Amino acid sequence: MALLEVRQLKVHFPGRGGWFESRTQPVKAVDGVGFRIEEGQTYGLVGESGSGKTTTGRAIIGLNALTSGSVTFQGQELTLGKRGGKLNFRRDIQMIFQDPYSSLNPKKRLLDIVAEPLRNFERLSPLEEKQRVRELLERVGLSPDSIYKYPHEFSGGQRQRIGIARAIALKPKLIIADEPVSALDLSVQAQVLNFLREIQEEMKLSFLLISHDLGIIRHMCDRIGIMYKGRFVEQGTTEDLFERPQHIYTKRLLSAIPVMDPAKREEQLRFREAVNSEYKEAYERYFDHDGLAYPLKPISATHEVAAPEKG
Amino acid sequence: MLKLSTNKASPQARPRQPADKSPSGLSIVWREIVQDKIALVSFILVAAVTLFVYVTSLLLDQDQIVRVDLFALKQPPSSEFLLGTDQGGRDIFGQLIIGTRNSLTIAIVVTLLTGIIGVLVGLVSGYFGGTIDNLLMRVVDFFMILPFLMVVIAFITAVPNYGITAFTLIMTAFLWLGIAKLIRSKALQEREMEYVQASRTSGSSHLKIMFVQVLPNLSSIIIVTMTLNLAANIGLESGLSFLGFGFPESTPSLGTLVSYARNPQTLEMRWWIWLPASILILVLMLCINNVGQAVKRAADARQRKG
């Protein structure tokens, strides 16, 4: 049984505007997305900005209301359409946020920040709590003595690790990481990502990694879903997608990855041009008249593509 | 009045905090006040007046002071009556002390009450947004369009035996609106911060997030508005009493003392009745405002002097 299974997830935001806030077409941020995350796996959601990957993650944890669809966690139905959902489900699912600056309350000390989930779900004496927070901080590579410091005394990478410490405080099974490193500089990115892999192995965690950086996704993920305008265009294992991309959108996305070797610059340029012309040529076939992708169709045991209706 | 040159902040006098400890909000406020000499003098003045008034009023007997004494009508200042007497032979100095105490008390109580109501309504409204926000803000709008002065005047005409409590409540009923609007707008900004969502995913309830997570981030703005409102409320009470819609004569306040000046004879010939109270109002309002400005600067790192 999959740890997390998402079926036909839809999140629509009511569009309002015009005269007297009359209802217009809803914004279909997520429009029928489905995937499974197995235990210990990392699932990557990729897409350009506005493709609905963040909304998907937020809907799973309950920060956005579902319009329809279902999310099951260990066989249990999670969000019952109600806004916010039930609190006690959240114990096993935690989130790492994108912005390490605004995701830590500037008026709170580290002790209060990291202990917040503990205070909500576990009854610990102040002494035990301090001990746990010290351990957690040590685990993420910060000095255990910094529990009385404020977030602004730390650098971006350190702050993100404080966020991770908060997320792993309850020993969750699934962590949703919403662009966890996109606000950090490159050298720190690698550090934080490797650290995430380390705790994944140690705590048998599953990740839902949301990112627009294909390099990070390739480095981290077992399975990948590529989103475009709220729908999946292609889903499969990392190998499937990077070695045998089927959808033209995926191909175009992959061709955008910079190649380090200057000798291959010309070659890469020609390759990109070829992909681009193919994209323009085949666009009509791969997307419906609204510019949306078709439903996914399996082409192998692990690989699904939003293939055109005919051919 | 305050003959002080605007001393620019002297950099060497700045007390440095040790690097490993972040300065607390109060110490920042205090540093800002110390850096601004006018604010410092104002603060000391307000503290001294408040302390003096509250301590001395404990020793004074209000009934004795407001008792009419036909043998001592309209006396100029003398050694017996430090600031003379009014047309009822009542000691102005004693009335001034008790009046200042009454005025300060009502201003403080009104400020606190309006602060509590305003922060509660504003926080709930801004944090939840949507329908709740809409509903609460329409209530606020309703109170805002009511003419404050007219309602107070009508109330006082209709209720003959109003006292300090009724007066406080009616002022409170109209003065929480501004704070609610202000706090709402700040809470609307604050709830979009990711730490609010992080608290949500940590399993905190809305109530807990509002008061434990969001409220501390609004504390500086709350302190600033409350300080400035305190000065405004002293002025408002005095204004209403001056017009005769504040305290009755049996409860002296700064406003009732000044209102004696409505009599042209008193205004021209017996300055000792109304001048001290007027000066005291001016000094108190100016000083609290000065302190409030310093606190305001302390709340915004870009405006700080210290």
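These numbers were taken from a predicted model, which means no experiment stands behind them.

### With respect to the overall build of chain A
Line of reasoning, step 1. Scanning chain A from N- to C-terminus turns up 9 helices and 12 strands.
Line of reasoning, step 2. Relative to the 2.2 N^0.38 estimate, which gives 19 Å for 311 residues, the radius of gyration of chain A is 21 Å and therefore close to what a compact globule would have.
Line of reasoning, step 3. In terms of principal-axis extent, the alpha carbons of chain A reach across some 65 × 55 × 45 Å.
Line of reasoning, step 4. A total of 311 residues make up chain A; the buried ones form 51% of that total.
Line of reasoning, step 5. With an accessible surface of roughly 15300 Å², chain A has 50% of that area assigned to carbon and sulfur atoms.
Line of reasoning, step 6. Distance between charge centres in chain A, computed from 45 positive and 41 negative side chains, equals 5 Å.

### Observations regarding the overall build of chain B
Line of reasoning, step 1. Across its full length, chain B holds 12 helices and 0 strands.
Line of reasoning, step 2. Of the regular secondary structure in chain B, the N- to C-terminal order runs α-α-α-α-α-α-α-α-α-α-α-α.
Line of reasoning, step 3. When the backbone C-alpha atoms are referred to their principal axes, chain B occupies close to 75 × 55 × 30 Å.
Line of reasoning, step 4. Each of the 306 residues in chain B was classed as buried or not, and the buried ones make up 45%.
Line of reasoning, step 5. Counted over contacts in chain B with a minimum sequence separation of 6, partners at least 24 positions apart contribute 68%.

### Details of the confidence of the model for chain B
Residue and element names in this part refer to chain B.
Line of reasoning, step 1. In the predicted model, chain B carries a mean pLDDT of 81, and 90% of its residues have values of at least 70.
Line of reasoning, step 2. This stretch, residues 1-22, has a pLDDT under 50; its non-local contacts, to residues over four places away or in other chains, come to 26 contacts.
Line of reasoning, step 3. Interface scoring of the predicted complex returns ipTM 0.83; its pTM is 0.80.

### Remarks on the packing of aromatic side chains
Line of reasoning, step 1. Applying the stated criterion to the full structure yields 11 aromatic pairs over all chains.
Line of reasoning, step 2. With centroids separated by 6.3 Å and ring planes inclined at 80°, the aromatic side chains of F143 of chain B and F174 of chain B adopt a geometry described as edge-to-face. Placement of the pair is F143 of chain B in helix α5 (residues 130-145) and F174 of chain B in helix α7 (residues 164-190), with a sequence separation of 31 residues.
Line of reasoning, step 3. With relative accessibility at 25%, the residue F143 of chain B sits in the partly exposed group.
Line of reasoning, step 4. For F174 of chain B, a relative accessible area of 10% gives the class buried.
Line of reasoning, step 5. Between R252 of chain A and the ring centre of Y279 of chain A, over which it is positioned, the NZ or CZ distance is 4.1 Å.

### Describing the interface of chain B and chain A
Line of reasoning, step 1. Opposite the 19 residues of chain B that make contact, chain A presents 27 residues.
Line of reasoning, step 2. When chain B packs against chain A, close to 2000 Å² is buried across both sides, 48% of that on carbon and sulfur atoms.
Line of reasoning, step 3. Taken together, the connections running from chain B to chain A amount to 0 salt bridges.
Line of reasoning, step 4. Applying the counting criterion to the chain B and chain A interface returns 14 residue pairs in polar contact (both at pLDDT 80 or more).
Line of reasoning, step 5. Elements represented by at least two residues in the side of chain B that touches chain A include exactly α8 (194-201) and α9 (206-242) of chain B.
Line of reasoning, step 6. With 7 residues, the top contributor of residues to the side of chain B that touches chain A is α8 of chain B.

### Details of the UniProt feature "transmembrane region" (unreviewed entry) in chain B
Residues and elements named next belong to chain B.
Line of reasoning, step 1. On the UniProt side, "transmembrane region" (unreviewed entry) is annotated at positions that read residues 38-60, 104-128, 135-156, 162-183, 209-232 and 271-292 here.
Line of reasoning, step 2. For residues 135-156, helix accounts for 91% and strand for 0%, while the C-alpha atoms at its two ends are 30 Å apart.
Line of reasoning, step 3. Within the segment residues 209-232, helix and strand shares are 100% and 0% respectively, and the terminal C-alpha atoms sit 32 Å apart.

### Things to note about the pattern of salt bridges
Line of reasoning, step 1. Under the criterion given, the structure shown has 22 salt bridges over all chains.
Line of reasoning, step 2. In this structure, the salt-bridge partner of R139 of chain A is E202 of chain A, at a minimum N-O distance of 2.7 Å. Here E202 of chain A lies in helix α5 (residues 186-203) and R139 of chain A lies in helix α3 (residues 126-139), a separation of 63 residues in the sequence.
Line of reasoning, step 3. A salt bridge links R138 of chain B to D141 of chain B, with the nearest nitrogen and oxygen atoms 3.0 Å apart. One end of the pair, R138 of chain B, and the other, D141 of chain B, are both in helix α5, 3 residues apart, so they sit about a helical turn from each other.
Line of reasoning, step 4. One salt-bridge network, in which partners are shared between bridges, spans E5, R7, R36 and E38 of chain A.

The rules we used
Residues numbered from 1 in each chain as written. Chains lettered and ligands numbered in written order. Predicted model: local features only at pLDDT ≥ 70, side-chain atom pairs only at ≥ 80, totals over all residues. Heavy atoms only, no water. Helix = DSSP H or I, 4+ residues; strand = E, 2+ residues; numbered from the N terminus. Rg over C-alpha atoms; globule rule 2.2 N^0.38 Å. Buried < 20%, exposed > 50% of the residue type's maximum accessible area, 1.4 Å probe, protein only. Areas by Shrake-Rupley, 256 points an atom, 1.4 Å probe, with all protein chains shown as cover. Lys, Arg positive; Asp, Glu negative; His and termini not counted. Charge placed at Lys NZ, Arg CZ, Asp CG, Glu CD. Contact = heavy atoms within 4.5 Å. pLDDT = per-residue confidence, 0-100. Phe/Tyr/Trp six-rings, centres within 6.5 Å; stacked < 30°, edge-to-face > 60°. Lys NZ or Arg CZ within 6 Å of the ring centre and 35° of its normal. Buried area = accessible area lost by both parts, 1.4 Å probe. Salt bridge = Lys/Arg side-chain N within 4 Å of Asp/Glu carboxyl O. Polar contact = N/O pair within 3.5 Å; in protein donor to acceptor, adjacent residues only side chain to side chain. UniProt positions renumbered as here; feature names shortened; annotations may be inferred.

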